[in-house]
Amino acid sequence: MSPGENLDPIPDCFILQPPVFHPVIPYVTTIFGGLHAGKMVMLQGVVPLRAHRFQVDFQCGCSLYPQPDIAIHFNPRFHTTKPHVICNTLHSGCWQREARWPGVALQRGASFLILFLFGNEEVKQVPCSRALPQGLWPGQVIIVRGLVLQEPKEFTLSLRDEASRTPVMLRASFTDRTLAWVSPWGFKKLISAPFLFYPQRFFEVLLLCQEGGLKLALNGQPLGSTNLDQQTLERLREVRISGSIQLYCVHY
Ligand code: GAL
């Protein structure tokens with residue numbers, strides 16, 4: 001038996017590629033094991049003062065010719081009055097429909113850190129409903145991830161019980177830029193924190209069930225809690241999401 005033969009093979013997804021420092025641009029490398037859910041690619045750099053654009057292409061192969069398909073073309077552009085990012089896909093030599101992201105947080109002359117996180121979440125249609133067959137118990141978590149649409153009006157996350165009542169609803173209003181817990185009688189308890197939803201930006205709402213209520217975090221920032229007795233929590237049967245968002249994930 002040769003050394004190492006008794007070791008279990010390491011699955012591709014656990015291969016951590018060594019970082020490459022100061023690579024010469026254009027830089028091409030292979031992503032070991034391919035781009036699967038859970039993969040993260042981190043990029044650090046500085047945008048030159050006179051930069052017009054740069055691009056990061058996640059492409060299907062390294063050949064120069066024929067040009068490989070590009071699954072994700074991430075292309076910040078700085079030469080226009082409003083810097084923006086273009087995302088697109090190149091299929092059989094043809095660009096598909098561009099997605100344009102305004103308000104890019106990248107600037108000429110400034111350093112940046114970009115994290116590409118690859119998941120396997122598909123867009124779900126809103127309104128969207130998920131069953132909570134056992135209700136909510138301390139320690140359980142509901143996670144909702146989505147993308148705010150361009151001209152949003154509101155986003156709601158309602159928790160409904162077996163009698164289709166809504167003991168509690170979380171409502172983000174884009175018209176007055178407020179986030180609030182809404183009671184079944186329409187009473188609004190405003191959450192006093194900066195409004196963290198922005199058009200065309202991703203968000204993550206996390207609700208943690210704890211004794212006596214639900215704790216809320218938005219984009220990883222704790223935003224307090226709302227009181228609900230355990231009986232009410234146990235009787236919840238459904239989480240319903242609606243509003244001006246593209247929904248990617250409802251995890252329970
Ligand atoms: C084209 C540009 C390409 C690529 C593409 C994306 O206009 O020449 O380099 O950025 O847009 O849609």
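Conventions used here
Residues numbered from 1 in each chain as written. Predicted model: local features only at pLDDT ≥ 70, side-chain atom pairs only at ≥ 80, totals over all residues. Heavy atoms only, no water. Pairing = 2+ DSSP bridges. Helix = DSSP H or I, 4+ residues; strand = E, 2+ residues; numbered from the N terminus. Axes fitted to C-alpha atoms, helices over the stretch in contact; angles between N-to-C directions. Patch = residues over 30% accessible without salt bridge, like charges linked within 9 Å, V, L, I, M, F, W, Y side chains within 5 Å. Areas by Shrake-Rupley, 256 points an atom, 1.4 Å probe, with all protein chains shown as cover. Salt bridge = Lys/Arg side-chain N within 4 Å of Asp/Glu carboxyl O. Buried < 20%, exposed > 50% of the residue type's maximum accessible area, 1.4 Å probe, protein only. Near = heavy atom within 4 Å. Polar contact = N/O pair within 3.5 Å; in protein donor to acceptor, adjacent residues only side chain to side chain. Nonpolar A, V, L, I, M, F, W, Y, C, P; charged D, E, K, R; others polar.

## Remarks on the sheet that holds strand E10 (residues 154-161)
Then step 1. Taken in spatial order, the six strands make up an open sheet running E8-E17-E10-E11-E12-E13, and their pairing is antiparallel. Whereas interior strands pair on both sides, the edge strands pair on one side only; in this sheet they are strand E8 (128-131) and strand E13 (188-190). Across the sheet, the axes of successive neighbouring strands diverge by a mean angle of 20°, strand direction being ignored.
Then step 2. Bridge analysis of strand E11 (residues 168-173) against strand E12 (residues 178-182) gives five bridges, and the strand direction is antiparallel. When the bridges of E12 are listed, Met169 appears paired with Val182.

## Examining a nonpolar patch on the surface
Then step 1. Where nonpolar side chains cluster on the molecular surface, the patch consists of Met40, Met42, Leu113, Leu115 and Leu117 and spans about 520 Å² of accessible area.
Then step 2. Those elements giving two or more residues to the nonpolar patch turn out to be strand E1 (40-46) and strand E7 (111-117).
Then step 3. For the nonpolar patch, the element with the highest residue contribution is E7, accounting for three residues.
Then step 4. Along the chain, Leu115 falls in strand E7.

## Topic: the pairing of E10
Then step 1. E10 sits mainly inside the fold: seven of its eight residues count as buried.
Then step 2. In terms of strand pairing, E10 meets E11 through six bridges, oriented antiparallel. When the sheet's bridge partners are listed, Leu159 is paired in E11 with Val168.
Then step 3. Counting the residues between successive antiparallel strands, the hairpin from E10 to E11 contains six residues, one of them, Ser164, with a positive phi of roughly 60°.

## Quick notes on the site of the ligand
Then step 1. The local shell around the ligand consists of Arg53, His73, Asn75, Arg77, Ile86, Asn88, Trp95 and Glu98.
Then step 2. With respect to the ligand, the side chain of Asn75 contributes an N or O atom lying 3.2 Å from an oxygen atom.
Then step 3. Contact between the ligand and Arg77: an oxygen atom at 2.9 Å from a side-chain N or O atom of the residue.
Then step 4. In isolation the ligand exposes 310 Å². Once the protein is present, 66% of that is buried.
Then step 5. Those elements that provide at least two residues to the shell around the ligand are strand E3 (70-77) and strand E4 (84-91).
Then step 6. Looking at the shell around the ligand, the element that brings in the most residues is E3, giving three residues.
Then step 7. Tallied by class, the residues present in the shell around the ligand amount to two nonpolar, three polar and three charged.

Geometry only, nothing functional implied.
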